[in-house]
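Structural features, examined
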Amino acid sequence: MPNIAALWLDLGRFDREVPPAVAISSELTRESDLFIPDSRRAWIRLAVAVLIGSLGSVGMWSVVVALPVVQTEFAASRGTASLAFTMIMLGFGSGAVLTGKITDRYGIVTAIGLGIGILGLGYVVAGMSTSIWHFILVHFAIGLSSSATFGPLMAESSHWFDRYRGLAVAVAASGNYIGGAIWPPVVNYAIETTGWRTTHIALGIFTAVAMTLALIALRLLMGAGSQRDHENAPPPRVDLRISTNALTAILSLAAIACCVAMSMPQVHIVAYCGDLGYGVARGAEMLSLMLGFGIISRIGSGFLADKIGGIRTLLIGSVAQGTALLFYLFFDSLTSLYVISAMFGLFQGGIVPSYAIIVREAMPASEAATRVGIVIFASVFGMSFGGWISGAIFDATGSYMAAFENGLGWNALNITIMVLLLMRARQRLAMA
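Remember, predicted model here, so these are calculated numbers, not experimental data. (Residues numbered from 1 in each chain as written. Predicted model: local features only at pLDDT ≥ 70, side-chain atom pairs only at ≥ 80, totals over all residues. Heavy atoms only, no water.)

Across its full length, the protein chain holds 17 helices and zero strands. Expressed as a percentage of the 432 residues in the protein chain, the buried residues total 55%. Once local pairs closer than 6 in sequence are excluded, the contacts in the protein chain between residues at least 24 apart make up 85%. (Helix = DSSP H or I, 4+ residues; strand = E, 2+ residues; numbered from the N terminus. Buried < 20%, exposed > 50% of the residue type's maximum accessible area, 1.4 Å probe, protein only. Contact = heavy atoms within 4.5 Å.)

So, in structure tokens, the structure goes:
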């Protein structure tokens, strides 16, 4: 008989060694599945993020359509009524910093979940307003809640991509403009049909339910990576040799300047058309057209930023925005206003996402949401100030022409800042 003892396998000798090897393999599989930049799962996450951003952006655009009706009901001045937009911008900006910190520490799901509850409640309270000041103040809470669906989503999506990071950030930001293209005519129709109070209450209920369902889907897609995707995010690509705090301050100043200019058409186009005798409905259509073309601009800016960088992309958008603003000074026929509004949306849509791209190009991933939040706060401060000052200029002059000129001046400041930043970057590069 042959000796087969050497072929025996004693399973008992290895039973303590096999499980750890299996456990290590399983753990690596989970990690590699969670953090693959530019993967199919990353694109699916991005699609859900855009849906959430589109729903959450209602707070930015409903107030623009409701402004003339609320002004009439409470017998308020144009400048006073415009404070509702100012408050929503201040809330949006404050929330951008707060939700950015929450996102960096606890994850995007937690940040958006908190926002959903505040958004739904804010709209219900707005619909029950008893005075213009009640209506104005509650819009701070609405803006605060909407903030989690913009800046933090842009920062979060940048962690999911490397090769297409600029495009991903721009697509995530497009949710705001997709909502801007859809919500104004919907809100205007609802106000004409059921009144502004019922419309606001219905918006609160609908957005709370729809966003909750979308957030559940995003949580399932993110799995265990919902809290700290940035730990395995791609590193910064650009070294501007400027401290993080200094660059944040520079970008914040530039954001204020460009958004004061941007706010004039976006906030007042509906009222402007009413003053010209074209009707509020035509203004709502122009706003929708403006933001619809802004979607094209945002996605296009993402492609461009992946090729030439965020700073150059922002500078191109700022110059183009100033050009469109200039046209508003010389043309006010109905057809020309439709054309100029489309141009304005096409030119300026990529500006704000470019700030987030610059942040991710030059700053650590672990600070991205917070730093983007700070710059977004500056941008919405510019929007809120610009929305208010344009209304105040109208009250003082009886015309929006001086308001357009004010916007052009601020836009020139933005161009100057970005040119100087680009020149500094070139000088540092040459010295390296």
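Locating Asn411 in the fold gives a position in helix H17 (residues 401–431). Residues within four places of Asn411 in sequence aside, it is in contact with Ala257, Ala261, Ser318, Gln321 and Gly322.

Bringing the packing of aromatic side chains into the picture now. Scanning the model with the defined rule gives 14 aromatic pairs in all. Ring centres of Tyr272 and Tyr400 lie 5.5 Å apart, and the angle between their planes is 90°; on these two criteria the pair is classed as edge-to-face. In this pair, Tyr272 sits in helix H11 (residues 244–275) while Tyr400 sits in the loop between helix H16 (368–397) and H17, placing the two residues 128 residues apart along the sequence. For the pair shown, Tyr272 and Tyr400 are each scored as buried. When the ring of Tyr272 is compared with that of Phe404, the centres are 5.7 Å apart and the planes differ by 70°; the resulting orientation is edge-to-face. Here Tyr272, found in helix H11, pairs with Phe404, found in helix H17; they are 132 residues apart in sequence, far enough to count as distant. The buried category is assigned to Tyr272, whose relative accessible area is 5%. Residue Phe404 is classed as buried on the basis of its relative accessible area of 1%. Chaining the aromatic ring pairs together yields one cluster made of Tyr272, Tyr328, Phe344, Phe394, Tyr400 and Phe404. (Phe/Tyr/Trp six-rings, centres within 6.5 Å; stacked < 30°, edge-to-face > 60°.)

Inspection of the entire model under this criterion finds two salt bridges. The closest approach of N and O atoms between Arg197 and Glu73, which form a salt bridge, is 3.0 Å. With Arg197 in helix H10 (residues 196–222) and Glu73 in helix H4 (residues 58–73), the pair connects residues that are 124 residues apart, well separated along the chain. On the basis of relative accessibility, which here comes to 27%, the residue Arg197 falls in the partly exposed class. Its relative accessible area of 41% is what places Glu73 among the partly exposed residues. Across the salt bridge formed by Arg282 and Glu285, the nearest N and O atoms sit 2.7 Å from each other. With a gap of three residues between them, Arg282 and Glu285 both fall in helix H12 (residues 280–308), about one helical turn apart. (Salt bridge = Lys/Arg side-chain N within 4 Å of Asp/Glu carboxyl O.)

The next subject is the environment of Ala173. One can find Ala173 in helix H9 (residues 165–194). Accessibility expressed as a relative area gives 0% for Ala173, which makes it buried. C-alpha of Ala173 to C-alpha of Ile299: the two residues are 126 residues apart in sequence and 8.8 Å apart in space. In contact with Ala173, not counting residues within four places along its chain, are Phe150, Met154, Arg298 and Pro353.

Time to look at the confidence of the model for the protein chain. In this model, the protein chain carries an average pLDDT of 81, and 86% of its residues clear a pLDDT of 70 or more. Here residues 4–33 scores under 50 on pLDDT; set against residues more than four positions off or in separate chains, the count is three contacts. Ignoring residues within four places in sequence, the model shows residues 427–432, a span with pLDDT below 50, making three contacts including any to other chains. (pLDDT = per-residue confidence, 0-100.)

All told, the structure shown has zero disulfides when counted by the stated rule. We note that Cys258 lacks a disulfide partner, and the nearest cysteine sulfur, in Cys259, lies 3.7 Å from it. (Disulfide = S-S within 2.5 Å.)

Quick look at helix H7 (residues 132–146) now. In this model, H7 (15 residues) spans 21 Å end to end at C-alpha, consistent with the 21 Å of a helix rising 1.5 Å per residue. Among the residues making up H7, those that are buried are Ile132, Phe135, Ile136, Val138, His139, Ile142, Gly143, Ser145 and Ser146. (Expected span 1.5 Å × (residues − 1).)

Turning our attention to the packing of H12 against helix H13 (residues 310–330). Closest axis-to-axis distance for the H12/H13 pair is 8 Å, and the angle between their directions is 150°. As summarised for this structure, H12 and H13 are arranged roughly antiparallel, according to the angle between their axes. The hand of the H12/H13 crossing is right-handed. Mapping the contact onto sequence places Met290, Ser301, Leu304, Ala305 and Ile308 in H12 and Gly310, Arg312, Thr313, Ile316 and Tyr328 in H13. Grouping the constituent residues of the contact of H12 with H13 by class yields six nonpolar, three polar and one charged. (Axes fitted to C-alpha atoms, helices over the stretch in contact; angles between N-to-C directions. Parallel < 35°, antiparallel > 145°, perpendicular 65-115°, else oblique. Left-handed = near helix turned anticlockwise from the far one by under 90°. Nonpolar A, V, L, I, M, F, W, Y, C, P; charged D, E, K, R; others polar.)

Take the environment of Lys307 next. Mapped onto the elements, Lys307 comes out in helix H12. Among the residues examined, Lys307 registers a relative accessible area of 71% and is labelled exposed. A sequence separation of 143 residues divides Lys307 from Tyr164, and the C-alpha atoms of the two residues are 9.9 Å apart.

Between two packed helices, both the angle of their axes relative to each other and the distance between the axes serve to describe the pair. Where H4 meets H11, the axes come as close as 8 Å, and the angle between the chain directions of the two elements is 30°. Between H4 and H11, the angle is such that the two are roughly parallel. H11 is crossed by H4, and the crossing has right-handed handedness. Residues Trp61, Val64 and Pro68 of H4 form the contact with H11, whose participating residues are Gln266, Val267 and Val270. Split by residue class, the contact of H4 with H11 holds five nonpolar, one polar and no charged.

With that settled, the discussion passes to the environment of Gly398. Along the polypeptide, Gly398 turns up in the loop between H16 and H17. The exposure class of Gly398 is exposed, given its relative accessible area of 55%.

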